Amino acid sequence: MGTMDDPRTVVHVDMDAFFAQVEVNDNPDLEGRPVIVGGTGKRGVVSTASYEAREYGVHSAMPMSEARRLCPEAHVLPLRGERYRDISRRIKDVLRSITPHVQSVSLDEAFLDVTGSLHRYESKRHLGQNLRNRVFEETELTCSVGVGPNKMIAKLASEACKPDGLLRVPDEEKVGFLRDLPVESMWGVGPSTRIKMNRLGIETVGDLQEIELGRLQSEFDHRAAVLRRRAHGVDPSPVKTEEETKSISNETTFPRDLTDREELENRMYPLAAKVGRRLRENNLVARTVKIKVRRGDFTTLTRRSTRGEPGSTTERIWESARRLLREVELDARGVRLLGVGAENLRRGGEQRDLFEDSRVKRRETINRIVDDINDEFGEGTLTRGRDRENLGTD
Ligand code: TTP
Ligand code: MG
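Nothing here was measured: the structure is a model prediction, and the numbers come from that model. (Residues numbered from 1 in each chain as written. Chains lettered and ligands numbered in written order. Predicted model: local features only at pLDDT ≥ 70, side-chain atom pairs only at ≥ 80, totals over all residues. Heavy atoms only, no water.)

J.: Help me out: how do you make sense of the pattern of salt bridges in this one?
T.: Opposite charge on two side chains allows them to pair when their charged atoms are near. Scanning all chains against the criterion turns up 29 salt bridges. Note that K174 is salt-bridged to D171, the shortest N-O span being 3.1 Å. Judged by its relative accessible area of 3%, K174 falls in the buried class. According to the relative accessible area criterion, D171 is partly exposed, its value standing at 21%. (Salt bridge = Lys/Arg side-chain N within 4 Å of Asp/Glu carboxyl O. Buried < 20%, exposed > 50% of the residue type's maximum accessible area, 1.4 Å probe, protein only.)

Pasting the structure below:
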């Protein structure tokens, strides 16, 4: 099993109740009170809740109306995207002062490969604690930090010690650490895989570690070996910095396999929209659009198309993705998973002059305005026509 000889040391950092903590910090009267941040309008959704509000059952992605019902005394605050982004940048700067090998996952989350930085610290624990201290000194915000031999273990460790915690899981303890976790906490186990696992009597990662491989193969075929290795804490995926990230992609697994082309094309739209948004957020443009299609029998194919000039509009990504999908023959196996991605990425700024076409320019502007408003008022406040057809992604 690959990573045995020279285990890396990977750190996962995740801020605690990020948006809510920022709001409390900026308004100390809220200290110790239930605070909910999200869309405050009629159809608003909870982005996050302080740990005090979570005790009432409030959680991310819940309709705000329900959250208010569960916790009427909560302070409900609108999103302040620019503020969170600003603090996020400062956090990432702190992380990059520890090592340049930082993979930013979201505003409040990152992986660090600290293998080459360990010699500067007394121990791996010290490194983790030092990182937490530095983030706190810079932002007065608490985070949780997991330290492990790979990304999956580090992430599960930070989740296990939330909030305001530090947990190191050494390589030789990872199997035991995973044993009691629910199997769906493992990477690559989504809702439908979990149901299949439950049918085999697998509830915990420990069950998956122990089940006879033949029985696992009867249900999962060639996937069985990978699932089994993951259950033993093997995860070779590298920590990739932004420059090393060669693509941005998004995929979704459908509750049932789809055979209708038009439905598939519609399902592609929100995927393309998310890819476009992430490109624009990172000031990137892409020359290549790719799609990934996984059929009901798990055979998977990808198709790519590359254009002369790079772009980042949702319309353009969607258009290319649809054209690529038309090259794929649909049959009785149906499609269980669809992905849309962008590759051949460049910094957007240098390419500005390539967007002289005023129609393209106008769309870029509209996309940016929609992004900004959604940042301020919650995802889904403002939509680009098609988003409105309730094409939920997962
Ligand atoms: P998370 O790290 O998932 O959540 P959190 O930091 O609020 O809480 P904790 O990590 O302690 O469990 O997400 C980080 C931020 O991303 C969160 O503060 C708000 C935002 N977010 C949303 O806007 N919508 C969501 O559905 C989720 C999960 C997060
Ligand atoms: Mg967090």
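Following the structure, the description resumes.
J.: Is there a simple way to explain the confidence of the model for the chain in this structure?
T.: Reading fine detail from the predicted coordinates is not recommended where pLDDT is low. For the chain, the average pLDDT comes to 88, and 85% of its residues sit at 70 or higher. Here residues 349–358 is a poorly scored stretch, pLDDT under 50, and it has 15 contacts once near neighbours within four places are set aside; other chains count. Here residues 383–394 scores under 50 on pLDDT; set against residues more than four positions off or in separate chains, the count is 23 contacts. (pLDDT = per-residue confidence, 0-100. Contact = heavy atoms within 4.5 Å.)

J.: Explain the packing of helix α1 (residues 18–26) against helix α4 (residues 81–98) to me, please; I cannot follow it from the model alone.
T.: Relative orientation and spacing of two packed helices are given, respectively, by the angle between their axes and the distance between those axes. Running from N to C, α1 and α4 cross one another at 100 degrees; their axes reach a closest spacing of 11 Å. By the angle between their axes, α1 is roughly perpendicular relative to α4. Contacts between α1 and α4 pair F18, F19, V22, E23 and D26 from the former with R83, Y84, I87, S88 and I91 from the latter. In terms of residue class, the contact of α1 with α4 is built from six nonpolar, one polar and three charged. (Axes fitted to C-alpha atoms, helices over the stretch in contact; angles between N-to-C directions. Helix = DSSP H or I, 4+ residues; strand = E, 2+ residues; numbered from the N terminus. Parallel < 35°, antiparallel > 145°, perpendicular 65-115°, else oblique. Nonpolar A, V, L, I, M, F, W, Y, C, P; charged D, E, K, R; others polar.)

J.: Would you take a moment to explain α4 for this structure?
T.: An α-helix turns once per 3.6 residues; consequently, residues spaced three or four apart project the same way. Taking 1.5 Å per residue, 18 residues should reach 26 Å; α4 reaches 26 Å between its end C-alpha atoms and fits that length. Every buried residue of α4 is listed here: G81, Y84, I87, S88, I91, K92, V94, L95 and I98. Along the axis of α4, the buried positions cluster into a sector of 155 degrees, meaning they face one direction only. (Expected span 1.5 Å × (residues − 1). Arc of directions from axis to C-beta.)

J.: Got a minute to help me understand the site of ligand 1 in this structure?
T.: Looking at ligand 1, there are 13 residues lining it, with A17, T48, Y51, R54 and D108 nearest. Y51 places a side-chain nitrogen or oxygen 2.6 Å from an oxygen atom of ligand 1. Within the side chain of K162, one N or O atom sits 3.2 Å away from an oxygen atom of ligand 1. Contributing elements (two or more residues each) for the shell around ligand 1: β1 (10–15), α1, β3 (46–49) and α2 (51–54). Of the residues that constitute the shell around ligand 1, the class distribution is five nonpolar, three polar and five charged. (Near = heavy atom within 4 Å. Polar contact = N/O pair within 3.5 Å; in protein donor to acceptor, adjacent residues only side chain to side chain.)

J.: It is not clear to me how unusual backbone geometry should be interpreted in this structure. Could you clarify?
T.: For residues besides glycine, phi is generally negative; the peptide bonds are generally trans as well. Of note, the bond from K162 into P163 is cis; its omega dihedral lies within 30 degrees of zero at -15 degrees. With respect to the element layout, P163 can be found in the loop between α6 (151–160) and β8 (166–168). If you check the backbone angles, A61 has positive phi at about 75 degrees while not being a glycine. Relative to the assigned elements, A61 resides in the loop between α2 and α3 (64–70). Backbone geometry at D164 places phi at a positive 55 degrees, although glycine is not the residue there. For D164, the location among the structural elements is in the loop between α6 and β8. What makes D164 partly exposed here is its relative accessible area of 41%.

J.: Is there a simple way to explain the nonpolar core in this structure?
T.: One broad rule of soluble globular proteins: the nonpolar side chains tend to lie buried together. Formed by 32 residues in total, the largest nonpolar core has its most connected members in V11, F18, L95, L112 and L131. Residue assignment for this core shows that the elements contributing at least two residues are β1, α1, β2 (35–38), α4, β6 (109–113), α5 (124–139) and β7 (143–148). If you tally residues by element for this core, the top one is α4, at six residues. Residues in contact with F18, not counting those within four places in the same chain, are Y84, I87, S88, I91, L107, D108 and L141. If you look at the next biggest cluster of nonpolar residues, it comprises 27 residues, including L264, M268, A321 and L338. (Core = buried A, V, L, I, M, F, W, Y, C linked by side-chain atoms within 4.5 Å.)

J.: Explain the coordination of the magnesium ion (ligand 2) to me, please; I cannot follow it from the model alone.
T.: Six octahedral donors around a metal ideally sit at 90 or 180 degrees from one another, while four tetrahedral donors ideally sit at 109.5 degrees. Here the magnesium ion (ligand 2) is held by the protein donor atoms D14 (OD), M15 (O) and D108 (OD), which lie 2.0 to 2.2 Å from it. The coordination sphere of the magnesium ion (ligand 2) comprises six donor atoms, whose angles at the metal cover 82 to 178 degrees; the geometry is octahedral. Along the chain, the residues that donate to the magnesium ion (ligand 2) are spaced as D-M-x92-D. Of this pair, M15 sits in strand β1 while D108 sits in the loop between β5 (102–106) and β6, and the two are 93 residues apart along the sequence. For the pair formed by M15 and D108, the shared burial category is buried. (Donors = N, O, S within 2.8 Å, 3.2 Å for Na, K, Ca; no water. Tetrahedral: all angles 85-135°; square planar, octahedral: opposite > 155°, others 65-115°.)

J.: What is the right way to look at the packing of aromatic side chains in this model?
T.: Aromatic rings in a pair are described by how distant their centres are and how their planes are angled relative to each other. With the rule as written, the count across this model stands at five aromatic pairs. Ring geometry for F111 versus W187: centroids 6.2 Å apart, planes at 80 degrees, classification edge-to-face. Linking F111 in strand β6 with W187 in the loop between α7 (174–179) and α8 (191–199), this pair joins segments that are 76 residues apart in sequence. A relative accessible area of 4% places F111 in the buried class. When its relative accessible area of 26% is taken as the criterion, W187 is described as partly exposed. Taken together, a centroid distance of 5.0 Å and an interplanar angle of 85 degrees make the contact between Y269 and W318 edge-to-face. Remark: W318 occurs in helix α13 (residues 314–326) and Y269 occurs in helix α12 (residues 261–281); sequence separation between them is 49 residues. Like W318, Y269 is buried. Feature note: the residues F18, F19 and Y84 constitute an aromatic cluster, connected by ring pairs. The aromatic ring of Y51 is capped on one face by R54, whose charged end is 4.2 Å from the ring centroid. (Phe/Tyr/Trp six-rings, centres within 6.5 Å; stacked < 30°, edge-to-face > 60°. Lys NZ or Arg CZ within 6 Å of the ring centre and 35° of its normal.)

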